[in-house]
Amino acid sequence: MSTSAFIVPIDPKAPATAIPNVDIAKTWATVPRGEKVDVGTTSVFYDTPATKITAASSLGNNFSAKKAEVKRELVRKSVGSAVKALKVLNGLKEVTVDASVDPHAAVLPAVAAHLALYDFSLKTNPPSPFNPNLKKPIPPKLEFKPIESSKEWDRGVAYAYSQNLARTLMELPANMMTPTAFCERAKAEFTGIENVEIFVRDEDWAASKGMNTFLSVTHGTNEPAKFLEIHYKGASQKDAQPIAFVGKGITFDSGGISLKPGEGMKLMRGDMGGAATVVSATLAIAKLKLPVNLVTVTPLTENLPGPSATKPGDIVYAMNGKSVEVDNTDAEGRLVLSDAIYYASTEYKPHTLIDVATLTGAIVIALGELFTGVYSTSDELWEKLHTAGEQEFDRFWRMPLSEDYGPQIYSSNADLCNTGGRPGGSCTAALFLKAFAHGIEAEDGSNAETAMKWAHLDIAGTMDATRPTPYQEKGMTGRPVRALIEYVRGLAN
C-alpha cells in the first residue's frame, strides 16, 4: 500500500479539488449516496492518482450557503473525519491536504501535531511520544503538508501545536507535571524564540511580595511552589503597554482539608489548565511574532491536606491588603489567582488583563462542556473575545458580573470570603477576583478611557471533553488556546 495520501474536503453539490490530474467529482460519484450527505461522511479511494490514497470527506449539505464562521467549522470537521479514517491505515506516512477551501480552517485538524491525530497515552507498546523520559522525540504517525504552502497554513500549525501542548500539559499526571516540571517544560518550549524572557520565582520571592493568599494554598504540600512569568515584547515600542494573561496553576487539586470525593479525583491533574492554556497561547503568539507586548503569569502549586495545610476559617491578608477568610480550602483557585491578578495589574499596568482558570463546578452545571464562561468589566473586551471564539469555534458565553452577589462573599469575618455558597457559585467566584483587578473601570465610568479591561474565563466545563468530535477525541481539550491567540491577533491587526 502507498505510504502517502491526499485529503480532500468535498462540497457534495460541487465536488472539486486543487490536486493535479484528479477528477474528484467522478471519483466521488462512484459511491452511491442519498440526497443528504452529512458533514464528515468520508470515502477512502485507493487508486488515485498514481496509486496514492485519497480520502474525500463531505463538507455537508448546502455548504456554499453557510455563513463564513460555520464554513470554517465544517472544514475542520470534514478534514478531521478524513484524518480519523486514514490514521488507522498501516504504513501511511505522509498526507497532503487540499486546503484550498480555507487553509487556516483545514490546517487545525490536519497538521503534524493536529487535533484529530492527537492521542495521549503513556503505554509503552508502542512507545509513547508523551513519555517525559524520552531521549529523542518520536515522530508523529502522520506528517501533513498542504498542496501549496502558505502563511495561513503555517499560522494554523502554530495554533494546533499550542493547543496540543496545552492538552499534554493537562493530561500528564501530577507526579510528572509538578510546578517545577511545568516551568522546565515551558522554558524548553520557548528555547530559541525571539523577544521572550522567562522568570521562575520561588516561594521566598512570593513572600517578599506579600502574596499570602497564593502561599496559603502551598502549605499542605512538600512540592515547591513556583510563580512563572513569561514576557514577550513583540511590539515596535518595547515599553508599550502590554496585555496580561494570568493562568491558574494548581498542578493537582485534592481540595486540601476540604477534601474532594475520591471518585474522579484524577481529573484534577488538569486543574492547571488555566496556566497550560495561557502559556501555550503565549508560545504561538511569540512564534507568530505578533506585534504586541504580552506578560503571562502563572502561580503554580499543589493543593494537598498536609499537616501544615490551611484550615477552613483561617484568615490571611492578600497582596493588596484585603483580609480573606478561607471558608473552603477547595476554593483555592481564587486564592492563587487573586495575588497573581493584583501583581500583574499593578506591576505591569496592562491595558487588558485576562485570567483563565478551571475555577468552579458551578460553571459546569451552567454551561456544560460547550461554552467557556466569561465575566468582564468591559463590553469592548467581551465583544472581541466573542468574535475570536466564534472564529475558532472555541466559544464563549457572557455571564453576569454583578455586585448584587456581593453579600454572599462580603458577610464573613474578613473583607472577603472565598466561597459564597452554592447559588451562583461561578458568579461569586468571579466577583471575588474582581476585587484584585487593580485599575478596572469604576462603577460611575469616571476612568473609562484609562481603565484596565478585565475578563475572567472559567474553563472548568471546557477543560475536558467527555465525548469526541470529528477532530478531537475525548480528554483534555486545551481550550481556549486558539481563541486567545486569535483574540491577540485581532488586536495586532
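Residues numbered from 1 in each chain as written. Predicted model: local features only at pLDDT ≥ 70, side-chain atom pairs only at ≥ 80, totals over all residues. Heavy atoms only, no water.

Engineer: Can you lay out helix α9 (residues 333-347) for me, pointing to particular residues and giving the numbers?
Structural biologist: For α9, built from 15 residues, the straight-helix expectation of 21 Å at 1.5 Å per residue is met to within 8% by its first-to-last C-alpha distance of 21 Å. Judged by how many residues are buried, α9 sits mostly within the fold: 13 of 15 residues are covered. Two residues or fewer past α9, lysine 349 is found with a positive phi of approximately 45°. (Helix = DSSP H or I, 4+ residues; strand = E, 2+ residues; numbered from the N terminus. Expected span 1.5 Å × (residues − 1). Buried < 20%, exposed > 50% of the residue type's maximum accessible area, 1.4 Å probe, protein only.)

Engineer: An account of the packing of helix α4 (residues 151-171) against helix α5 (residues 179-189) is requested, with residue identities and associated values reported.
Structural biologist: Viewed as axis vectors pointing N to C, α4 and α5 meet at an angle of 160°, and their least axial separation amounts to 12 Å. Classified by the angle between their axes, α4 and α5 sit roughly antiparallel to one another. Seen from above, α4 lies across α5 with right-handed handedness. In this structure, α4 uses Tyr161, Leu165, Thr168 and Leu169 to contact α5, whose residues at the interface are Phe182, Arg185 and Glu189. (Axes fitted to C-alpha atoms, helices over the stretch in contact; angles between N-to-C directions. Parallel < 35°, antiparallel > 145°, perpendicular 65-115°, else oblique. Left-handed = near helix turned anticlockwise from the far one by under 90°. Contact = heavy atoms within 4.5 Å.)

Engineer: Lay out the pattern of salt bridges in plain terms, naming residues and giving numbers.
Structural biologist: Side chains that carry opposite charge are capable of pairing whenever their charged atoms lie near each other. The full count for this structure, using the stated rule, is 24 salt bridges. Glutamate 229 is paired through a salt bridge with arginine 201; the nearest N and O atoms lie 3.2 Å apart. One end of the pair, glutamate 229, is in strand β7 (residues 226-233); the other, arginine 201, is in strand β6 (residues 196-201), with 28 residues separating them in the sequence. On the accessibility criterion, glutamate 229 (0% relative accessible area) is buried. Between glutamate 392 and arginine 482 there is a salt bridge, and its shortest N-O distance comes to 3.0 Å. Of the two residues, glutamate 392 sits in helix α11 (residues 379-392) while arginine 482 sits in helix α14 (residues 481-492), which places them 90 residues apart along the sequence. For glutamate 392, a relative accessible area of 0% corresponds to the buried category. (Salt bridge = Lys/Arg side-chain N within 4 Å of Asp/Glu carboxyl O.)

Engineer: Can you tell me about the nonpolar core, naming the residues and giving the values?
Structural biologist: Across soluble globular proteins, nonpolar side chains show a tendency to be buried alongside one another. Residues Phe182, Phe245, Ile285, Ile354, Leu385 and Leu457 are the most contacted members of the largest nonpolar core, which totals 55 residues. With 9 residues, the single largest contributor to this core is helix α8 (residues 273-287). Among all residues touching isoleucine 354, those that are not within four sequence positions of it are Ala244, Phe245, Val246, Leu381, Leu385, Ala455, Leu457, Leu484 and Tyr487. If you look at the next biggest cluster of nonpolar residues, it comprises 39 residues, including Phe214, Ile341, Leu416 and Phe436. (Core = buried A, V, L, I, M, F, W, Y, C linked by side-chain atoms within 4.5 Å.)

Engineer: Before we move on, can you summarise the UniProt feature "domain: Cytosol aminopeptidase" (unreviewed entry) in the protein with the specific residues and values?
Structural biologist: Per the UniProt record, "domain: Cytosol aminopeptidase" (unreviewed entry) is annotated on residues 328-335. Between the first and last C-alpha atoms of residues 328-335 the distance is 11 Å; the span itself is 38% helix and 0% strand. (UniProt positions renumbered as here; feature names shortened; annotations may be inferred.)

Engineer: Explain α8 residue by residue, including any values.
Structural biologist: Under the 1.5 Å per step criterion, the end-to-end length of α8 is 21 Å for 15 residues, consistent within 8% with the ideal 21 Å. Summarising burial for α8: 14 of the 15 residues are buried, a large majority. Phi for lysine 289, located one or two positions after α8, is positive at around 55°.

Engineer: Quick rundown of the pairing of strand β8 (residues 243-247)? Include the residues and the values.
Structural biologist: Regular strands place side chains that alternate from one sheet face to the opposite one. Among the 5 residues of β8, 5 are classified as buried, and the element is accordingly described as predominantly covered. Burial along β8 is two-sided: the face carrying Ile243, Phe245 and Gly247 and the face carrying Ala244 and Val246 are both buried. Pairing of β8 with strand β10 (residues 293-303), which is carried by 4 bridges, proceeds in the parallel orientation. Bridging from a neighbouring strand, phenylalanine 245 pairs with threonine 296 of β10. By the bridge criterion, 5 bridges tie β8 to strand β13 (residues 352-357) in an arrangement that is parallel. Counted as the bridge partner of alanine 244 is leucine 353 from β13. (Pairing = 2+ DSSP bridges.)

Engineer: Could you give an account of the sheet that holds strand β11 (residues 315-317), naming the residues involved and the relevant values?
Structural biologist: Strands sit in the order β11-β12-β16 across an open sheet of 3 strands; the sheet is mixed. A single partner strand is all that each edge strand has here, and the edge strands are β11 and β16 (416-417).

Engineer: Outline the packing of aromatic side chains, listing residues and values.
Structural biologist: Applying the stated rule across the entire model yields 9 aromatic pairs. Here the aromatic rings of tyrosine 343 and tyrosine 348 are separated by 5.8 Å at their centres, their planes lie at 90°, and the arrangement is edge-to-face. Residue tyrosine 343 is classed as buried on the basis of its relative accessible area of 2%. Here the aromatic residues Trp205, Phe214, Phe227, Tyr343 and Tyr348 are joined through ring pairs into a cluster of three or more. Taking the ring centre of phenylalanine 63 as reference, the NZ or CZ of lysine 71 above it sits at 5.5 Å. Its end group placed over the ring of tyrosine 161, lysine 287 keeps NZ or CZ at 3.9 Å from the ring centre. (Phe/Tyr/Trp six-rings, centres within 6.5 Å; stacked < 30°, edge-to-face > 60°. Lys NZ or Arg CZ within 6 Å of the ring centre and 35° of its normal.)

Engineer: For the packing of α11 against α14, give the residues involved together with the corresponding values.
Structural biologist: As a packed pair, α11 and α14 sit with axes 8 Å apart at the nearest point and diverge in direction by 120°. It follows from the interaxial angle that α11 and α14 lie oblique. The chirality of how α11 crosses α14 is right-handed. In this structure, α11 contributes Leu381, Lys384, Leu385, Ala388, Gly389, Gln391 and Glu392 to the contact, and α14 contributes Arg482, Ala483, Glu486, Tyr487 and Leu491. Here the contact of α11 with α14 is built from residues that sort into 6 nonpolar, 2 polar and 4 charged. (Nonpolar A, V, L, I, M, F, W, Y, C, P; charged D, E, K, R; others polar.)

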